[in-house]
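Coordinate analysis (summary)
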Amino acid sequence: MRKTLMLKVDSEKPDASKIEVAAESIRKGGLVAFPTETVYGLGANALNADAVLALFEAKKRPLDNPPIVHIADPNEIYRLVEEVPKRAELLMKRFWPGPLTLVFRHSSLVPAVTVAGLDTVAVRMPKHQVALALIRQSGCPIAAPSANLAGKPSPTTAQHVYEDLDGRIDVILDGGSTDIGVESTVVDLSVDPPIVLRPGGTPFEALKQVFDDITLHPFVLAEAELPLEKMRSPGMRHKHYAPKAEVILVQGEISAVAAKVKEIAEFYRQKGVKVGVLATDETQGSYTADVVKSLGSRSNLALVAQRLFRLLREIDAQSVGIIIAEGVSSDGLGLAVMNRLRKASGYHIVKAS
Ligand code: TXA
Ligand code: MG
């Protein structure tokens with residue numbers, strides 16, 4: 001058990017003495033959670049294999065899923081990777097610092113544990129002043145997955161990090177709520193043409209403007225449709241380990257979605273199950289579930305993305321038995337929102353028509 005120190009920092013002009021406390025911990029092989037513009041990361045010295053191993057342990061993360069390596073200066077990339085393809089340079093110029101992670105073939109400097117034995121490494125230069133200050137002050141690249149326990153929604157506040165990791169990490173830098181709310185977009189540049197492996201804070205449309213041959217990995221859009229009658233089988237409600245509620249995602253045209261959400265909510269309520277609904281401003285007034293939260297207007301997908309993980313946690317905290325989530329458009333940040341909702345639902349997707 002570690003003693004976790006929580007330090008409040010100004011998100012624009014972080015106090016140098018507090019950053020130094022956190023950086024010293026990183027240099028000694030410690031674990032520091034910090035805000036980025038996407039979600040909070042849990043950082044360790046990326047070049048210290050023992051520290052990175054401790055990072056996996058703290059998060060209970062499987063060792064075969066590597067973290068992202070964060071840098072504070074684009075030039076840092078050259079010692080971490082074998083080659084920076086021309087296309088990567090274009091993306092770095094356009095989108096760094098920011099919510100874009102690029103996958104390259106790594107150099108021999110990067111320990112095997114940091115890349116989970118792969119021959120590639122995922123690198124990103126974040127925009128958040130606290131993240132940048134921490135990396136600079138630590139003097140090393142920082143390996144940082146999202147700062148949640150594996151399987152939980154990514155943290156968008158220091159409080160979320162505390163709930164998951166108190167006693168398991170050394171420092172939490174509290175820089176308030178994160179701006180974007182979903183993780184960075186991950187693009188594989190070790191192949192040509194490049195492939196989006198994970199949709200995120202940098203919209204696919206923006207990447208398309210730079211490379212019109214860039215594609216989405218099939219996993220980004222993967223869904224397995226489940227008929228309503230199958231979903232009603234009692235065994236399904238216990239598929240995930242308690243107390244995390246099962247999520248059902250309802251997709252389609254808005255009025256059909258609202259009708260279907262009501263129908264499913266009523267079905268569970270009649271069985272005595274406490275129901276949570278993840279709605280939008282346009283629909284929330286029409287539901288009578290036990291807990292109803294709005295992601296915001298369907299026309300403001302940036303706000304929907306910013307609120308998504310926080311609201312999933314808030315509904316879960318009310319011990320609901322089921323969460324019914326409305327799908328939104330896949331434009332812009334909506335692509336990342338829908339990808340996270342499909343995954344959160346374990347592909348329990350209902351198409352309303
Ligand atoms: O916004 C973000 O990306 C946040 C903040 C903290 O920067 N970080 C984050 O890290 O979301 P994490 O570890 O939760 O997600 C990293 C993703 C995972 O899907 C992982 O599989 C993928 O990046 N990844 C890491 N290394 C990779 C590699 N060499 N090749 C392909 N995918 C990789
Ligand atoms: Mg994560």
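Residues numbered from 1 in each chain as written. Chains lettered and ligands numbered in written order. Predicted model: local features only at pLDDT ≥ 70, side-chain atom pairs only at ≥ 80, totals over all residues. Heavy atoms only, no water.

With that settled, the discussion passes to the pairing of strand 2 (residues 32-35). Neither face of strand 2 is left uncovered, since the one carrying V32 and F34 and the one carrying A33 and P35 both have all their residues buried. With 4 bridges joining them, strand 2 and strand 3 (residues 40-45) adopt antiparallel strand pairing. Residue pairing for strand 3: F34 is matched across the bridge by G41. Where strand 2 hands over to strand 3, the hairpin turn is made up of 4 residues, counted between the paired strands. The pairing of strand 2 with strand 8 (residues 171-174) spans 2 bridges and is classified as parallel. Residue pairing for strand 8: V32 is matched across the bridge by V171. (Buried < 20%, exposed > 50% of the residue type's maximum accessible area, 1.4 Å probe, protein only. Helix = DSSP H or I, 4+ residues; strand = E, 2+ residues; numbered from the N terminus. Pairing = 2+ DSSP bridges.)

For the rest of this paragraph, the subject is the sheet that holds strand 6 (residues 120-124). Sheet architecture is open: 11 strands sit in the order 1-8-2-3-7-4-6-5-9-10-11, paired in mixed fashion. The strands lining the two open edges of the sheet, one partner per strand, are strand 1 (5-8) and strand 11 (215-216). Across 3 bridges, the pairing between strand 4 (residues 68-70) and strand 7 (residues 142-144) is antiparallel. Following the sheet pairing, V69 is matched in strand 7 by A143. With respect to the sheet, helix 1 (residues 16-27) is in contact with strand 1, strand 2, strand 3, strand 7 and strand 8, its orientation differing from that of strand 8 by roughly 145°. Sheet contacts for helix 5 (residues 129-138): strand 2, strand 4, strand 7 and strand 8; angle to strand 2, the most-contacted strand, approximately 140°. (Contact = heavy atoms within 4.5 Å. Axes fitted to C-alpha atoms, helices over the stretch in contact; angles between N-to-C directions.)

This part takes up the confidence of the model for the protein. Looking at the protein as a whole, the pLDDT averages 92, with 94% of positions reaching at least 70. For the protein, the element scoring lowest by mean pLDDT is helix 9 (residues 228-231), at 43; strand 2 scores highest, at 99. When the criterion is pLDDT under 50, residues 225-243 qualifies, and its contacts beyond four places in sequence or with other chains add up to 28 contacts. (pLDDT = per-residue confidence, 0-100.)

Moving on, we get to the site of ligand 1. Contacts to ligand 1 come from 22 residues, most closely from T38, N65, H70, S184 and R198. Looking at the shell around ligand 1, the elements that each hand over two or more residues are strand 4, strand 6 and strand 10 (195-198). Examining the composition of the shell around ligand 1, we find that 4 residues originate from one element, strand 6, more than from any other. (Near = heavy atom within 4 Å.)

Burial analysis of helix 12 (residues 334-344) places 9 of its 11 residues in the buried class, the great majority of the element. Those residues of helix 12 that sit buried are G334, L335, A336, V337, M338, N339, R340, L341 and R342. G346, located one to two residues past helix 12, shows a positive phi value of around 60°.

Moving on: the environment of I324. With respect to the secondary-structure elements, I324 resides in strand 15 (residues 322-326). Taking the C-alpha atoms as reference points, I324 and T215, separated by 109 residues in sequence, lie 30 Å from one another.

A few words now on helix 6 (residues 158-165). The set of residues buried in helix 6 consists of A158, H160, V161, D164 and L165. Projected down its long axis, helix 6 shows its buried positions confined to an angular sector of 155°, all on one face. Of the surrounding secondary structure, the elements contacted by the buried residues of helix 6 are strand 1, strand 2, strand 3, helix 2 (49-59), strand 8 and helix 11 (301-317). Positive backbone phi, approximately 85°, marks G167, located one or two places after helix 6. (Arc of directions from axis to C-beta.)

Along the polypeptide, V250 turns up in strand 12 (residues 246-252). Each C-alpha atom, one on V250 and one on I324, is 7.3 Å from the other, the two residues being 74 residues apart in sequence. Not counting chain neighbours up to four residues away, the residues in contact with V250 comprise V257, K260, V261, I264, I324, A325, E326, G327, V350 and A352.

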